[in-house]
Structure formats: C-alpha cells, structure tokens
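# Coordinate analysis (summary)
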Amino acid sequence: MFAAVLDATSDAVLLTDRAGNIREVNPAFNKLTGFAPGALIGKDARELFRDLNDANFCDELWSDAPAPRHYVSVRSKHADGRAQVHGLSMTPIRDGSGTPTDFLAVILSDSFQADAASGETRRVGYDSLTGLPDRALLADRVGQTILNAKRANKSIALLVMGLDRFAVINDALGYAAGDQLLKEVAERLGKVIRSSDTAARLDGDKFAVMTPISAIDDSVIVAEKVLAAVRKPFHIKNEEVFVTFSIGIAIYPTDGEDFNDLLKDGLSAMQHAKSGGGAEYRFFASDMNTKARNRLDLEKRLRAALMNEEFVLFYQPKMDVLTNRVKGAEALIRWRDPKHGMIGPGEFIPIAEECGLIVDIGTWCLREACRQTKAWQDAGYAPIRMSVNVSAHQFKAKDLLDKVKNALTDSGLDPKWLELEITESMLMNDVEAAIARMQSVRDLGCGLSIDDFGTGYSSLSYLSRFPITTLKIDRAFVKDVQENQNTKEIARAIIGLSRGLNLEVVAEGAELLEHVQFLKDNGCDIIQGFFFSKPLEAKAFEAKLYRPA
Ligand code: C2E
Ligand code: MG
Ligand code: MG
C-alpha cells in the first residue's frame with residue numbers, strides 16, 4: 001500500500017539510509033531528475049547536490065537535526081548535467097530510541113509554479129520581474145550563511161539598497177519603463193557580486209546583497225561597486241535615465257543575529273542614507289532607530305501644523321533687470337514650528353508628498369498666495385505676478401482646477417497674476433494627459449512655468465507642444481556659469497530656446513553680480529536670486545514693491 005502511494009504521488013520522494021545512500025526513489029523522482037528507474041539505488045545521494053549548494057549543505061541535510069528541515073531553494077543535478085532548483089524538505093526517520101535510521105527527502109513539485117498568463121514556469125523563491133532571488137529566498141540564504149558563519153566565527157554584511165527618486169522616474173516615464181529600469185538594475189547588480197554573494201529583490205525599488213566578509217572594509221568595497229554599477233546612464237524608452245542607490249549596511253553579528261534584525265537595521269541605515277541626499281552608503285548605528293522614530297513623529301507634527309496654521313509663505317522677488325523693479329514673486333513655504341523654529345521646505349515637502357499631506361498644504365499655499373497678491377494690489381502697489389509651486393500629487397489631482405478657481409474667486413485675484421510652477425518630471429508619464437491639463441490651467445487665464453528646467457527628463461520635442469508661458473533655468477546652470485564653459489553654453493541655449501519658442505525666461509539662483517551680468521548679456525531679463533534678495537516674509541517683501549505715484 002505504501003509503495004502504491006509513493007507511485008501515485010506527484011512529489012518526488014527520495015529515501016536514503018543514515019549515511020545518505022539511496023534506498024528508494026519513486027517514479028516522480030526519476031521523472032524530475034531524468035534518471036532511469038533503478039539507476040540511483042545504492043548510490044550516494046550527496047552526488048545529486050554536491051557543488052551546487054553551500055559547502056555544508058549536504059552535511060546539514062544528513063545531520064541529526066531534531067526537526068524536519070525545509071529549504072526554499074535547493075539545486076540538484078539532472079541526468080543530463082544541468083542544475084535545477086526546487087524546494088526540499090528532509091525528515092529523519094527515527095527508531096524507538098530517537099536515533100535516525102533513514103532519511104526521507106521530499107522534493108516539492110509545487111516549487112515550480114506555472115504562470116498561467118505567460119505559460120512560463122516561475123520558480124518559487126525568485127522575483128518574476130528581475131529573476132533575482134526574492135525576499136523569502138534571501139532570508140533562507142542569509143539563515144544558512146549565518147549558520148556557517150557562526151561555526152567559522154565569520155561576519156556577514158547585508159546591504160539593503162533603495163533606488164533614489166524611483167517614484168519620480170516612474171511618474172515621468174511610466175510603469176513599463178520603471179519595470180525595464182528595475183530589470184536592468186538587477187542585471188548590473190548580478191554582474192558586480194561574487195559567486196558567494198546573493199543579490200535579491202526585496203520589493204518595489206528595494207534590493208539587497210548579502211556578502212560574507214572578513215573585515216568591515218569588504219562591505220565598503222561591495223557598496224562602492226554597487227554605487228558604481230548604476231552610475232552609467234540607463235537607456236530606457238530612448239531616454240538617458242540616471243539613478244542612484246541609497247545603501248544601508250547591517251553587519252552580522254554586531255548589528256543583528258538573524259535575517260529579520262539585519263533587514264530592519266539595513267532598512268533603517270538606508271533611510272539614513274536617503275535623508276542625507278542619497279547616492280551613498282551608511283552603516284547601521286543604534287541612534288538611527290531614534291531618527292526613524294523622529295520621522296514618524298514629523299509626519300504627525302506636519303498634520304498638526306496644518307491645523308494650527310504654522311505654515312508661512314515667504315516671497316522671493318523676480319527682478320526685471322531692465323527696469324530694476326520687482327516684476328513677480330515666487331511663494332516659498334516655510335514651517336514655523338513652535339518647538340524647532342523655522343523649517344525649510346526641503347525638510348518636510350518630500351515627507352508631505354509621501355504621506356499625501358502635500359495636497360492640503362498645496363491648497364493652502366495657493367489660497368494664501370492669491371490672497372496676499374490681491375491684498376498688495378488693493379494697497380495700491382503695482383501688480384506683480386505670483387508664482388506658486390505645484391507638486392506632482394497636486395498637479396495630478398482631479399480637483400486641481402477647482403482649487404485654483406476657488407483660490408482666485410475667493411481672493412478676487414485676476415487669473416493673469418497667478419502662475420503655477422511645475423517640473424518636467426510631472427509631465428512625462430502621460431504626455432497627452434499632461435498637455436490637456438496644462439491647457440486647462442491656461443484656459444483659466446493663469447501662467448504656467450517649468451521650474452528647474454534642464455534637470456529633468458523632458459524631451460525637447462515635447463517642449464513646443466507644452467502650453468507654457470515661462471521656462472525657469474535651474475540654478476545649477478546659473479551657479480557655474482563663471483567656471484564651466486559647458487554650463488555657460490547650456491544657460492545660453494536655454495535662453496535662446498525660450499526666445500525661439502516665444503517663452504518668458506526666468507533665471508533662478510543668481511547670487512553674484514557676474515551671474516546677473518552674464519544673464520543680462522545673454523538676454524535673460526528676469527532674474528531671481530540671493531543677489532537681489534532672499535525669500536522674505538510678506539512685511540519685508542512689501543518694502544520692495546513699487547507704488548506708482
Ligand atoms: P524651487 O521652486 O526651485 O525654489 C527655489 C529655491 O531656490 C528656494 O529654496 C529658494 O530659496 C532658493 N534660492 C533662490 N535664490 C537662490 C540663490 O541665489 N542661491 C541659492 N543657493 N538658492 C536660492 P526653498 O525655499 O528652500 O525651496 C526649495 C524647494 O522646495 C523649491 O524649489 C520647491 O521645489 C519646494 N517648495 C517650496 N515651496 C513650496 C510650496 O509651496 N509647494 C511645493 N509643492 N513645493 C515648494
Ligand atoms: Mg519653484
Ligand atoms: Mg527652481
């Protein structure tokens with residue numbers, strides 16, 4: 001009866017004696033491994049697994065461990081020489097005294113899952129997009145490697161890596177391109193690691209590399225290799241895409257004793273690297289946990305800040321250098337935190353974007369900027385145009401137009417005095433939809449400006465189709481005009497381009513007289529920057545406004 005059961009099951013079953021010599025295999029096992037019935041009886045079963053798995057794998061399989069053991073990913077030899085990967089569970093069969101007399105290995109046939117849609121078999125333990133081991137398999141491998149490292153008194157580094165600004169790229173180029181990028185990143189990762197390392201995809205834009213190390217410096221070398229691997233641009237959808245990694249490094253045994261602890265520490269270190277601007281690695285240190293908690297805390301405080309009206313708008317003049325008068329202003333948000341003082345947008349806008357709070361904050365900015373602009377007009381100053389930064393979330397939101405309309409109606413501001421600043425990356429995901437949206441903003445009568453122009457991913461061929469009024473030269477191009485000939489040419493080209501397309505051009509970040517002179521000489525007449533003024537509170541800004549006689 002037992003034999004009939006073995007014959008009938010689709011799981012491959014292998015029975016060995018205590019030493020690992022094969023006593024019995026079932027037909028499913030012959031089918032899986034390609035060996036003829038009877039060919040394996042009496043042979044050493046280790047031969048099927050040797051050299052394909054971790055060095056100690058076979059010793060471990062036939063060891064006197066107390067419980068059955070399950071492996072997500074085991075490699076075994078097929079009769080034709082190739083290696084195949086599958087799950088395996090091993091159960092010692094014990095006599096009355098508890099000593100194992102035989103071993104029963106069951107190869108889990110469901111570890112090859114057919115993907116119904118593509119007809120391809122997907123290997124359990126591997127990420128279907130990139131083909132890299134997945135989190136579960138990584139956990140398994142790290143677990144195994146820790147067992148070995150414990151015996152040998154060795155260390156392991158777990159590098160947890162997240163792509164910086166992946167969401168922006170995804171938004172800009174679309175999800176298919178995002179997937180393509182992840183695949184190519186995975187390929188490059190595969191090339192830089194050694195055979196003793198495991199590269200895995202954790203989820204989304206997060207990857208990990210596990211590497212046995214003999215000194216901490218070894219993990220630095222791996223981290224640098226990973227950073228270098230993505231430094232060269234990727235070519236996706238005919239675009240050059242630049243990405244960077246933020247890497248968090250956790251070390252066994254100092255930072256954690258098991259995979260979960262190491263992963264947690266690695267993630268926390270990665271966040272640390274991200275908040276430092278990305279494109280670098282950080283080691284885990286205990287004070288990082290505190291910082292992570294602070295971030296959650298920040299989210300809570302941001303919500304409260306909106307309720308408690310702790311946000312303020314500062315205004316930075318845009319000077320018309322021909323008349324030397326303030327032609328416009330950019331509204332720049334600040335957070336007057338009762339505990340920590342004034343906090344700049346760089347510190348909270350990204351978090352507000354992530355937690356969705358940006359939409360409400362953005363609405364507040366729009367309303368406040370319109371109100372203030374109208375108030376200055378009513379006070380008798382020559383009208384100026386007010387620019388308000390709009391985030392990706394806001395721009396995509398269905399009710400953007402309603403919110404703009406309401407801000408205008410409620411303040412009584414003529415739409416021609418309001419301009420929205422958007423960035424290139426918001427436009428490239430679905431270009432047609434973006435154009436329609438831009439047009440509807442224009443139809444309201446508002447201006448529309450592309451901020452930080454030259455740093456995003458937009459293609460010049462689209463530019464002529466965008467119904468915009470203004471290009472803002474990113475301050476990176478202004479900053480370097482003195483030292484760098486190339487930057488100079490780019491700044492000149494952007495000015496020329498705006499002329500050709502009949503757009504207004506505004507330069508930001510002019511700090512020095514030389515910057516202003518260069519811009520002026522090249523036909524850029526509207527300039528914003530510390531040379532003229534820092535962003536100012538409404539009261540101080542008002543002093544700069546012109547009051548006609
Ligand atoms: P942005 O829109 O490109 O704003 C220009 C930034 O450059 C401002 O920084 C401004 O203070 C700074 N800046 C101006 N002139 C100079 C200069 O001569 N030298 C240097 N080094 N910097 C100069 P800020 O106020 O810290 O704002 C940073 C970014 O935060 C803004 O970049 C914008 O992307 C975002 N932001 C600010 N306010 C808002 C807002 O109300 N809503 C949204 N969604 N984003 C905002
Ligand atoms: Mg701006
Ligand atoms: Mg800008």
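Residues numbered from 1 in each chain as written. Chains lettered and ligands numbered in written order. Predicted model: local features only at pLDDT ≥ 70, side-chain atom pairs only at ≥ 80, totals over all residues. Heavy atoms only, no water.

### Considerations on the packing of aromatic side chains
The line we're drawing: Pairing of aromatic rings covers Phe, Tyr and Trp, the last through its six-membered ring, and needs centres within 6.5 Å; plane angles under 30 degrees mean stacked, over 60 mean edge-to-face, and all others mean tilted. A helix here means a DSSP run of H or I that spans at least four residues, while a strand means a run of E at least two residues long, and both kinds are numbered starting from the N terminus. With a 1.4 Å probe rolled over the protein chains alone, any residue whose accessible area is under 20% of its type maximum counts as buried; one over 50% counts as exposed, and the rest are partly exposed. Think of it as a cone above the ring: NZ of Lys or CZ of Arg counts as a charge over the ring if it is within 6 Å of the ring centre and within 35 degrees of the ring normal.
One pass over the structure, following the stated rule, counts 13 aromatic pairs. Each ring, one from Trp376 and one from Phe541, has its centre 5.1 Å from the other, and the planes form 35°; the classification is tilted. Taken together, the residues span a long stretch of sequence, with Trp376 in helix H11 (residues 358-378) and Phe541 in helix H19 (residues 538-542) at a distance of 165 residues. Phe541 carries the same exposure label as Trp376, and that label is buried. Taken together, a centroid distance of 6.3 Å and an interplanar angle of 15° make the contact between Tyr462 and Phe466 stacked. Put simply, the rings of Phe311, Trp335, Phe348 and Trp364 pair up and form one aromatic cluster. One Lys or Arg, Arg334, reaches over the ring of Phe314 and ends 5.4 Å from the middle of that ring. Sitting over the ring of Tyr381, Arg547 keeps its end group 4.4 Å from the ring centre.

### A few points about the coordination of the magnesium ion (ligand 3)
Here is the rule we go by: We call an atom a donor if it is N, O or S and sits within 2.8 Å of the metal, or 3.2 Å for Na, K and Ca. Water is not counted, so some sites may look partial.
Binding of the magnesium ion (ligand 3) to the protein goes through Asp451 (OD), Asp452 (OD), Glu508 (OE) and Glu508 (OE), at separations of 2.1 to 2.4 Å. On the primary sequence, the residues serving as donors to the magnesium ion (ligand 3) are separated as D-D-x55-E.

### Remarks on the layout of surface pockets
Here is the rule: In this analysis the probe radius is 1.4 Å and the grid spacing 1 Å, with only protein atoms considered; a cavity is a set of points the probe fits into but cannot get out of, a pocket is an open set with protein on both sides within 12 Å along at least five of seven lines, and lining residues have an atom within 4 Å of a point. Grid points are joined across faces, edges and corners, and a volume is the space filled by probe spheres set on the points. For this classification, Asp, Glu, Lys and Arg are treated as charged, while Ala, Val, Leu, Ile, Met, Phe, Trp, Tyr, Cys and Pro are nonpolar and the rest, including Gly, are polar. Domain delimitation follows an automatic or database domain assignment.
Here the second largest pocket defines a volume of roughly 750 Å³. In terms of lining residues, the second largest pocket is bounded by 34 residues, among which Asp54, Arg141, Ser195, Ser196 and Thr198 are the most central. Counting only elements with at least two residues in the lining of the second largest pocket, the list comes to strand S3 (69-77), helix H4 (135-152), strand S8 (155-163), strand S9 (198-203) and strand S10 (206-213). With eight residues, the single largest contributor to the lining of the second largest pocket is H4. Residues of the lining of the second largest pocket, tallied by class, amount to 16 nonpolar, 11 polar and seven charged. Mapping the lining of the second largest pocket onto the domain boundaries places at least three of its residues in each of domain 1 (2-122) and domain 2 (135-285).

### Comments concerning the pairing of strand S16 (residues 325-337)
Within a regular strand, side chains alternate between the sheet's two faces. Let me state the cut-off plainly: At least two DSSP bridges between two strands are needed for those strands to be called paired.
In terms of burial, S16 is largely enclosed, as 10 of its 13 residues are buried. Between the antiparallel neighbours strand S15 (residues 311-320) and S16 lie four residues, among them Asn324 with a positive phi of about 60°. Looking at chain direction, S16 and strand S18 (residues 385-389) are connected through four bridges and run parallel. When the sheet's bridge partners are listed, Ala331 is paired in S18 with Val388.

### What about the domain arrangement of the chain?
The criterion, for reference: Contacts are assigned to residue pairs with any non-hydrogen atoms lying within 4.5 Å of each other. Defined in terms of a 1.4 Å probe, buried area is the accessible area two parts forfeit on being brought together, summed over both. Counted as salt bridges are all cases of a side-chain nitrogen of Lys or Arg within 4 Å of a carboxyl oxygen of Asp or Glu.
What the domain assignment reports for the chain is domain 1 (2-122), domain 2 (135-285) and domain 3 (295-542). When each unit is reduced to the centre of its C-alpha atoms, the spacing between domain 1 and domain 2 is 32 Å. Every contact between the two is made by eight residues of domain 1 and, on the other side, seven residues of domain 2. Roughly 670 Å² of surface becomes buried between domain 1 and domain 2 when both sides are summed, with 39% attributable to carbon and sulfur atoms. Across the contact surface, domain 1 and domain 2 share zero salt bridges. With five residues, S3 is the single largest residue contributor to the side of domain 1 that touches domain 2. Classifying every residue of the side of domain 1 that touches domain 2 gives two nonpolar, three polar and three charged.

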